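# Understanding the architecture of this molecule
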There are 2 protein chains.
Amino acid sequence: MVSFTYLRPAIAASLLLDISSASCAHGTHLARRSTYSTLNARNELEKRVDVSTFGYHGLTGPTNWDALDPANSACSAGRTQSPIDLTGGSVKTIAGNTLNITMSDVATTELENLGSTVEVIMAGKGASITIDGKTFNMAQYHFHTPSEHTIDGEYFPLEMHMVHQAADSSISVLAVPFQLSTDGSTTETVTASMAGLAEITTPGTLTEVTALPLSKLATALSAQTFSTYSGSLTTPPCTEGITFYVATKPMAMDVATYNSIKAVVGFNSRFVQNAPGGVNVLASSRSMKSKKTKKTKAEVAKPYGGQ
Amino acid sequence: MVSFTYLRPAIAASLLLDISSASCAHGTHLARRSTYSTLNARNELEKRVDVSTFGYHGLTGPTNWDALDPANSACSAGRTQSPIDLTGGSVKTIAGNTLNITMSDVATTELENLGSTVEVIMAGKGASITIDGKTFNMAQYHFHTPSEHTIDGEYFPLEMHMVHQAADSSISVLAVPFQLSTDGSTTETVTASMAGLAEITTPGTLTEVTALPLSKLATALSAQTFSTYSGSLTTPPCTEGITFYVATKPMAMDVATYNSIKAVVGFNSRFVQNAPGGVNVLASSRSMKSKKTKKTKAEVAKPYGGQ
């Protein structure tokens, strides 16, 4: 595990070149994110990545994302927003093998702490899905804790989003919920991806991760079933027209890895949205504002709901 | 464990008397909740409890609680709403022994599935806290999953709310976050409380629970430190003036119990509110509606955040 907190000549050159040269589709949810180099407290050159400007609490949280930037208007106005509750029969399900999931083991890549999530860079690593003859290449995968999608109202401790993009810029997300195992069994791809987590506890830091067994994951997912629907980015700007494929069967996760991800990432799950086509839950809430009525005497006398 | 799904003469009499006679402060968050009897599919008399009218998803979820009832206006207008993020130094901390926590082991009581949570009835069981000479009696305790309060931005898998009320109707909540243990260790009071969970998977059902080791919990909590602040009910009607005491150190929880609670309750955590005194996050969001601007050409051309 190379942490970039010390200066090696070969790396230094690449770091300097890296300034503002982040590849397309590099960073959370395919926004262009710049990496840059900075001197740390020990006067060493350190590679950093820009952190997200949105958050999950208070005034930068999901109820206020549209207020952060006019470009985020879909967050409060869109009618096919993600995540959603996946209840039996509400959306189509398809067999995993129809997605033609291709992933090779990854020898080395980057793990980044974007503030809003931790993310593994997959651009150029050859992972893809192909649906109806159209290929989407995996740009990155990142984690939400707790899960964003729910299944019959139940959430899961972790959800992995593998973000894929086609040549025409359209986006597909392969999403996998994780359930904690009682026997310590786990999904090796996740634990291997998070091996460098202790080195990137500060938002904006990044490290190298090695030997990611993604081919195993591809095999497991190909044997799965997926719920699929047209939704949105679950982070600003909440762009719609994103196709989700959410595994119907959560994969196993061990407590130690879960606790460590949760400690670094904190809470980073957008609240569940209305069913596709329904009014945006924030728009609905706001339309009520003008209908506010004064409390009746009886209501004032029963401040605790009629007690 | 008596499940009330069969008819015994002694119980039947109490069931019939129970119709609309629920004690004050019985039910979630001290709202008066009625229990009643109904014939089940096997023509047996079955005791039930009213379920909550609010939810945690879509149009009945936390972003829309104020739209469900004008009495819920504090949910979107209040400035001391709960839960909040507890960051070092943001609120006062006190030693647990200053709360004079009193809890005896409970021989038998009710566990109810209210749809919005699962709740153990503690009215009349003698549990209390006494602060500055004022005594608050425990009415019930219930669970939120994942936790509602966060500590330095981190959430926890479970949060227990022990709701206490004084003679003057004022309310104090003793809140305890739980962290999953890697070695299977757990908090006996929680596992004992949930022993009948499999019998109440349907909202509105209830069962008996026995032998709850609450005195152990009281001892553990008395040795803890608590963050304290004046907040609100975390469910409709979001009434303010509620004093929270949130344990600063999460207690241990085993995966099997956590998974079973999560499967029955689903997601039931209100999103984190602004710091006490700050503008309500929903009110802030709504005030932006009138400031919406049309997308510029550049924004339309960069639907994925500048990629």
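Just above, that's the structure.
Here, residues in each chain are numbered from 1, in the same order as that chain's written sequence. Each chain gets a letter, beginning with A, and each ligand a number, beginning with 1, in the order they are written. In keeping with the model being predicted, local features are shown solely for residues with a pLDDT of at least 70 and side-chain atom pairs are shown and tallied solely at 80 or more, while totals for entire chains, interfaces and linings include all residues. With hydrogens and water excluded, all non-hydrogen atoms of the structure serve as input to the side-chain values.

### Re the overall build of chain A
We apply this condition: Put simply, DSSP H or I for four residues or longer makes a helix, DSSP E for two residues or longer makes a strand, and each gets a number counted from the N terminus. Note on classification: 1.4 Å probe, protein chains only; a residue is buried when its accessible area is under 20% of the maximum for its type, exposed when over 50%, partly exposed between these limits. In what follows, a contact means two residues having at least one pair of non-hydrogen atoms within 4.5 Å. Residue exposure ignores everything except the shown protein chains as possible cover, and the areas themselves are Shrake-Rupley values with a 1.4 Å probe.
Within chain A one finds eight helices and 15 strands. In chain A, buried positions account for 57% of the 307 residues. Of the contacts made within chain A by residues no fewer than 6 positions apart, 67% connect residues no fewer than 24 positions apart. Accessible area of chain A: about 11500 Å², with a carbon and sulfur share of 55%.

### Let's talk about the state of the cysteines
Residue and element names in this part refer to chain A. Defined as follows: When the sulfur atoms of two cysteines come within 2.5 Å, that pair is taken as a disulfide.
The tally for this structure, following the rule as stated, stands at two disulfides over all chains. A sulfur-sulfur separation of 2.0 Å characterises the disulfide bridge that pairs C75 with C238. Measuring the twist about the S-S bond at about 90 degrees, one finds the C75-C238 disulfide to be right-handed. Taken together, the residues C75 in helix α3 (residues 74-77) and C238 in the loop between β13 (225-232) and β14 (240-247) connect sequence positions 163 residues apart. Under the relative-accessibility criterion, C75 is labelled buried at 1%.

### Brief notes about the packing of aromatic side chains
The geometry of two aromatic rings is summed up by the distance between their centres and the angle between their planes. Where we set the bar: The aromatic pairing rule takes the rings of Phe, Tyr and Trp, using the six-membered ring of Trp, and pairs them if the centres are within 6.5 Å, calling planes under 30 degrees apart stacked, those over 60 edge-to-face and the rest tilted. Sitting over a ring, as applied to charges here, requires NZ of Lys or CZ of Arg to be within 6 Å of the ring centre and within 35 degrees of the ring normal.
Within the structure shown, the criterion is met by 13 aromatic pairs over all chains. When the centroid spacing of 5.5 Å and the interplanar angle of 75 degrees are considered together, the rings of F54(B) and W65(B) count as edge-to-face. Of the two residues, F54(B) sits in the loop between β2 (45-49) and α2 (65-68) while W65(B) sits in helix α2, which places them eleven residues apart along the sequence. When its relative accessible area of 12% is taken as the criterion, F54(B) is described as buried. When the centroid spacing of 6.2 Å and the interplanar angle of 90 degrees are considered together, the rings of Y141(B) and F143(B) count as edge-to-face. With a relative accessible area of 0%, Y141(B) lands in the buried category. Classification of F143(B) by relative accessible area gives buried; the value is 0%. Sitting over the ring of Y155(B), K262(A) keeps its end group 5.4 Å from the ring centre.

### Considering the nonpolar core
Note the threshold: We call a set of buried Ala, Val, Leu, Ile, Met, Phe, Trp, Tyr and Cys residues a nonpolar core when their side-chain atoms join them within 4.5 Å.
Counting residues in each nonpolar core, the largest one holds 105 residues, and the members touching the most others are M103(A) and M103(B). Residue contacts for M103(A): discarding those within four places in its chain leaves A127(A), M138(A), M162(A), L174(A), L214(A), S215(A), L217(A), A218(A) and L221(A).

### Thoughts on empty space enclosed by the protein
Rule in force here: The rule is simple: put a 1 Å grid over the protein atoms alone, call a set of points where a 1.4 Å probe fits but cannot get out a cavity, call an open set with protein on both sides within 12 Å along at least five of seven lines a pocket, and count a residue as lining if it has an atom within 4 Å of a point. Grid points are joined across faces, edges and corners, and a volume is the space filled by probe spheres set on the points. Following the grouping adopted for this structure description, the nonpolar residues are Ala, Val, Leu, Ile, Met, Phe, Trp, Tyr, Cys and Pro, the charged ones are Asp, Glu, Lys and Arg, and the polar ones are all others, Gly among them.
A complete count under the given rule lists five cavities of 30 Å³ or more for this structure. Estimated volume of the largest cavity: approximately 300 Å³. Along its surface, the largest cavity is lined by 27 residues, and S269(A), R270(A), F271(A), F267(B) and F271(B) are the ones closest to its centre. The residue makeup of the lining of the largest cavity, split by class, is twelve nonpolar, twelve polar and three charged.

### What about the pattern of salt bridges?
This is how it is decided: Salt bridge criterion: a side-chain nitrogen from Lys or Arg within 4 Å of a carboxyl oxygen from Asp or Glu.
One pass over the full model with this rule turns up eight salt bridges over all chains. Linking D168(A) and K134(A) is a salt bridge whose minimum nitrogen-to-oxygen distance equals 2.6 Å. Placement of the pair is D168(A) in the loop between β10 (158-166) and β11 (171-180) and K134(A) in strand β8 (residues 134-144), with a sequence separation of 34 residues. Where E154(A) meets K262(B), a salt bridge forms, and the shortest distance between an N and an O atom there is 2.8 Å. Residue E154(A) is located in the loop between β9 (150-151) and β10, and its partner K262(B) is located in helix α6 (residues 255-265); the two belong to separate chains. Of the two residues, E154(A) and K262(B), both sit in the buried class.

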